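Chains, contacts and geometry: an overview
Below are the chains, spelled out letter by letter.
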Amino acid sequence: MALDIYKINPEFRDIMPQEIIDLEEKATWSVKMDKPRGIKELPDTKELLEEHSLCAGCPEAAALRYVLSALPKPEDTIIVNSTGCTSLMFPHIALHTVHSLFGNQNAVASGIKRVLDWRFPDIEKDVVVLAGDGATVDIGLDYTLQSFFRQENITTICFDNEVYANTGGQESGATAKGQVFKMAPMGKKFDKVPMWELATTSGCHYSVNMTASAPKAVARAVREAILIAREIGPTFLNIYTPCILEIGLSANEGLGEMKDQDKDRFASYKHVSPEAEEFLKKCKEEGRI
Ligand SMILES: Cc1ncc(C[n+]2csc(CCOP(=O)(O)OP(=O)(O)O)c2C)c(N)n1
Ligand code: SF4
């Protein structure tokens, strides 16, 4: 099967922007590649996300680049998104994405995955949900947990910036206790909801809590989560991607904030079910991760 992302209709080739021609000719998923690309190739290969309209230095943008570089089969991946800062990047991604109504992302992803399995029984199609903490831990929490209970074969990634950033700074279930935001001036009264633990208790076979400070670690978790979701069942990644704007940091301070939190509130949490553990062992032997 061809690994190309784009094939330009020859009749329109002469009016295509150079960017699109480059993507077709240099996309490293093309059949010409002897092995699938990964995080190491990021600096000198054509990217799936090259530009975006997020704040300069927003850790969400860096994290999305790591996620995209780790997809085992981008050309057969559908990313389901929800409204939020993340959705500002989606029009710029060179692969299939679906924008769902705020909070509905896991219900929409479940439907898409089931239809794809029925329509393309011989092709592995990966469905990945990617949404903010407002969409995942607050408004979409029920849909998210229900998709875990039903054991849907999807990977859910929460870009946890601990705030409703896109609407100007309201507290969410993922906000830490005491945190004050522009539109939450009294400070959060309750503890942060540990979504990664809820994911484990709700049936996820792989649940990780981490920051986006280390590209390789993010890429590894993404790949493992997607492979497990294909074969075993739902998987979840909670990735801390601080909203530098809302916590008053400048463009170059996001990485430092994540590194600090690596030792503190986001000290890594990893749950792998026995079935998933067994499966990962097999994947390693086969060189898939
Ligand atoms: C159905 C619906 N309800 C509410 C909104 C308003 N809305 C847009 S973005 C957003 C907040 C997104 O927050 P989060 O999911 O944490 O993502 P972030 O912007 O922080 O990345 C909300 C409530 C909407 N667009 N649609
Ligand atoms: S508002 Fe916050 S989360 Fe949104 S793009 Fe800016 S820094 Fe990133």
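Residues numbered from 1 in each chain as written. Chains lettered and ligands numbered in written order. Predicted model: local features only at pLDDT ≥ 70, side-chain atom pairs only at ≥ 80, totals over all residues. Heavy atoms only, no water.

Looking at an unreviewed UniProt entry, one finds the chain named Ferredoxin oxidoreductase, with Sulfurimonas sediminis as its source organism.

Moving on, we get to the packing of aromatic side chains. Per the stated rule, a full pass over the model turns up 4 aromatic pairs. With 6.3 Å between their ring centres and 50° between their planes, Phe-102 and Tyr-164 make a pair best called tilted. Taken together, the residues span a long stretch of sequence, with Phe-102 in the loop between strand E2 (97-99) and helix H3 (105-119) and Tyr-164 in the loop between strand E4 (155-160) and helix H6 (195-201) at a distance of 62 residues. The buried category is assigned to Tyr-164, whose relative accessible area is 16%. An aromatic cluster of three or more residues is present, and its members are Trp-196, Tyr-240 and Phe-266. Cation over ring: Arg-119 sits above Phe-120, and NZ or CZ is 4.7 Å from the ring centre. Across from the ring centre of Tyr-240, 6.0 Å away, lies the NZ or CZ of Arg-265, which sits over that ring. (Phe/Tyr/Trp six-rings, centres within 6.5 Å; stacked < 30°, edge-to-face > 60°. Helix = DSSP H or I, 4+ residues; strand = E, 2+ residues; numbered from the N terminus. Buried < 20%, exposed > 50% of the residue type's maximum accessible area, 1.4 Å probe, protein only. Lys NZ or Arg CZ within 6 Å of the ring centre and 35° of its normal.)

Within strand E5 (residues 206-211), 6 of the 6 residues are buried, which leaves the element mostly enclosed by the surrounding structure. Of the two faces of E5, the one carrying Tyr-206, Val-208 and Met-210 and the one carrying Ser-207, Asn-209 and Thr-211 are both buried. Bridge count for E5 against strand E6 (residues 235-240) is 6 bridges, and the pairing is parallel. Its bridge partner lying in E6, Tyr-206 is registered against Thr-235. (Pairing = 2+ DSSP bridges.)

This part is about the site of ligand 1. Every one of the 17 residues lining ligand 1 counts as a neighbour, but Cys-85, Gly-134, Asn-161, Val-163 and Asn-166 are closest to it. For ligand 1, an oxygen atom lies 3.5 Å from a polar atom in the backbone of Asp-133. Its free accessible area being 590 Å², ligand 1 has 76% of it covered by the protein chains. If you tally residues by element for the shell around ligand 1, the top one is helix H4 (residues 133-139), at 3 residues. (Near = heavy atom within 4 Å. Polar contact = N/O pair within 3.5 Å; in protein donor to acceptor, adjacent residues only side chain to side chain. Areas by Shrake-Rupley, 256 points an atom, 1.4 Å probe, with all protein chains shown as cover.)

Considering all chains together, one arrives at 14 salt bridges under this definition. The salt bridge involving Asp-76 is made with Lys-73; its shortest N-O contact spans 3.4 Å. By relative accessible area, which is 5% here, Asp-76 ends up buried. Overall, the relative accessible area of 14% leaves Lys-73 in the buried class. Of the charged contacts in the structure, one is a salt bridge between Arg-220 and Glu-224, with a shortest N-O distance of 3.1 Å. Highlighted residues: Arg-220 and Glu-224, both in helix H7 (residues 215-231), separated by 4 residues, approximately one helical turn. For Arg-220, a relative accessible area of 41% corresponds to the partly exposed category. One network of salt bridges, in which partners are shared, links Asp-160, Glu-162, Lys-192 and Arg-265. (Salt bridge = Lys/Arg side-chain N within 4 Å of Asp/Glu carboxyl O.)

What surrounds ligand 2 is the set Leu-54, Cys-55, Cys-58, Cys-85, Asn-161, Ala-165, Cys-243, Ile-244 and Leu-245. In terms of residue class, the shell around ligand 2 is made up of 8 nonpolar, 1 polar and no charged. (Nonpolar A, V, L, I, M, F, W, Y, C, P; charged D, E, K, R; others polar.)

Running from N to C, helix H2 (residues 59-70) and H7 point in directions that differ by 50°, and their axes come no closer than 8 Å. What the angle tells us is that H2 and H7 run oblique. Here H2 runs over H7; the crossing is right-handed. For the pair H2 and H7, contact is made by Tyr-66, Val-67, Ser-69 and Ala-70 and by Pro-215, Val-218, Ala-219, Val-222 and Arg-223, respectively. Among the residues forming the contact of H2 with H7, the class breakdown is 7 nonpolar, 1 polar and 1 charged. (Axes fitted to C-alpha atoms, helices over the stretch in contact; angles between N-to-C directions. Parallel < 35°, antiparallel > 145°, perpendicular 65-115°, else oblique. Left-handed = near helix turned anticlockwise from the far one by under 90°. Contact = heavy atoms within 4.5 Å.)

Before going further, it helps to spend a moment on the UniProt feature "domain: Thiamine pyrophosphate enzyme TPP-binding" (unreviewed entry) in the chain. Within this numbering scheme, the UniProt entry marks residues 92-239 as carrying the feature "domain: Thiamine pyrophosphate enzyme TPP-binding" (unreviewed entry). Structurally, residues 92-239 comprises 37% helix and 18% strand, and the distance from its first C-alpha atom to its last is 21 Å. (UniProt positions renumbered as here; feature names shortened; annotations may be inferred.)

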